[in-house]
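Tertiary structure, described
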Amino acid sequence: MAKANVYLNFKGNCEEAFNFYKSVFGVEFSYFSRFKEMPPVEEHPVEPQDMEKVMHVSLMLEDGTCLMGCDLGSKWEEQHVAGTNFHISISTDTKEETERIFNALSEGGQVMMPLGDTFWGAYFGMFTDKFGIGWMVSCEKKQ
């Protein structure tokens with residue numbers, strides 16, 4: 001069964017925003033990492049000025065939904081528009097369901113990151129659909 005959450009993108013102030021959200025909701029970060037902690041990826045090198053920025057943060061809310069976010073890397077900051085700086089994040093139970101949803105929703109859109117295994121332990125892909133909505137689709141790898 002698929003579950004939807006909101007993923008917010010920031011222009012360098014993700015940590016400040018999520019510390020605020022954390023204080024409002026009264027919960028601790030479920031996950032927090034910086035770009036400097038990411039293993040090097042030759043096709044997508046991290047710029048030196050982005051190393052301290054937030055690569056991923058998540059807050060698990062009491063109702064089971066998760067508020068997630070990151071800082072955009074320097075080369076994507078120009079595209080940042082406050083109010084449209086989000087993705088809908090779909091988490092599934094199986095790789096097959098992930099592929100079905102990813103392929104159906106991305107049809108006619110633009111794939112930013114094809115589905116594949118990630119260093120953080122998920123099968124993940126990212127795209128903008130034909131209506132301009134950003135999506136992230138993933139399932140956790142079974143241990």
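This text follows the structure it describes.
Not measured: the values here are computed from a predicted model.

Structural notes on helix α1 (residues 14–25)
The first and last C-alpha atoms of α1 sit 16 Å apart over 12 residues, in line with the 16 Å expected at 1.5 Å per residue. Of the residues making up α1, those classed as buried are C14, A17 and F18. On an axial view of α1, the arc spanned by its buried residues comes to 90°, and they lie on one face. Set apart from the buried face of α1 by more than 90 degrees, the exposed residues are E16, F20 and S23.

As for a nonpolar patch on the surface
A contiguous nonpolar surface patch, about 470 Å² in accessible area, is contributed by Y31, M112, M113, F119 and W120. Within the secondary structure, M112 sits in strand β6 (residues 110–117).

Description of the sheet that holds strand β7 (residues 122–128)
Taken in spatial order, the 8 strands of this open sheet run β2-β3-β4-β1-β5-β8-β7-β6, and their pairing is mixed. Single-partner strands in this sheet number two, and they are β2 (29–34) and β6. Averaged over all pairs of adjacent strands, the angle between strand axes in this sheet comes to 15°, irrespective of strand direction. Taken strand by strand, α1 contacts β1 (3–10), β2, β3 (54–60) and β4 (66–71), and its axis lies near 160° from that of β4. Lying on the sheet, helix α2 (residues 95–106) is in contact with β5 (86–91), β6, β7 and β8 (134–140); it crosses β7 at an angle near 10°.

Looking at the nonpolar core
Core analysis: the biggest nonpolar cluster contains 11 residues, these being L8, F10, C14, A17, F18, V27, V54, V57, L59, L61 and L67. Elements that contribute at least two residues to this core include exactly β1, α1 and β3. Non-local contacts of V27, meaning those with residues more than four positions away in its chain, are made with K22, L59, M60 and L61. By size, the runner-up hydrophobic cluster in this structure holds 9 residues, among which are I90, F102, Y123 and W135.

Looking at the environment of D129
By the secondary structure assignment, D129 is in the loop between β7 and β8. Under the relative-accessibility criterion, D129 is labelled buried at 10%. Between the alpha carbons of D129 and E99 there is a distance of 15 Å; along the sequence they are 30 residues apart. Those residues in contact with D129, other than ones at most four positions away along the chain, are L105, G109 and W135. Engagement of the side chain of D129 in a polar contact is seen with the side chain of W135, the distance being 2.9 Å.

Concerning the pattern of salt bridges
Summed over the entire model, instances satisfying the criterion amount to 5 salt bridges. In this structure, E28 and K22 form a salt bridge, with 3.7 Å as the shortest nitrogen-oxygen distance. Assessed through its relative accessible area of 59%, E28 is described here as exposed. When the shortest N-O distance is used, the salt bridge between E52 and R34 registers 3.8 Å. Of the two residues, E52 sits in the loop between β2 and β3 while R34 sits in strand β2, which places them 18 residues apart along the sequence. Judged by relative accessible area, E52 falls into the partly exposed class, the value being 45%. Under the relative-accessibility criterion, R34 is labelled buried at 16%. One connected set of salt bridges, linked through shared partners, spans E15, R34, K36 and E52.

Here we look at the side chain of S33
Relative to the helices and strands, S33 resides in strand β2. According to the relative accessible area criterion, S33 is buried, its value standing at 2%.

Rules behind the numbers
- Residues numbered from 1 in each chain as written.
- Predicted model: local features only at pLDDT ≥ 70, side-chain atom pairs only at ≥ 80, totals over all residues.
- Heavy atoms only, no water.
- Helix = DSSP H or I, 4+ residues; strand = E, 2+ residues; numbered from the N terminus.
- Expected span 1.5 Å × (residues − 1).
- Buried < 20%, exposed > 50% of the residue type's maximum accessible area, 1.4 Å probe, protein only.
- Arc of directions from axis to C-beta.
- Patch = residues over 30% accessible without salt bridge, like charges linked within 9 Å, V, L, I, M, F, W, Y side chains within 5 Å.
- Areas by Shrake-Rupley, 256 points an atom, 1.4 Å probe, with all protein chains shown as cover.
- Salt bridge = Lys/Arg side-chain N within 4 Å of Asp/Glu carboxyl O.
- Pairing = 2+ DSSP bridges.
- Axes fitted to C-alpha atoms, helices over the stretch in contact; angles between N-to-C directions.
- Contact = heavy atoms within 4.5 Å.
- Core = buried A, V, L, I, M, F, W, Y, C linked by side-chain atoms within 4.5 Å.
- Polar contact = N/O pair within 3.5 Å; in protein donor to acceptor, adjacent residues only side chain to side chain.

These values are about where atoms sit, not about what they do.
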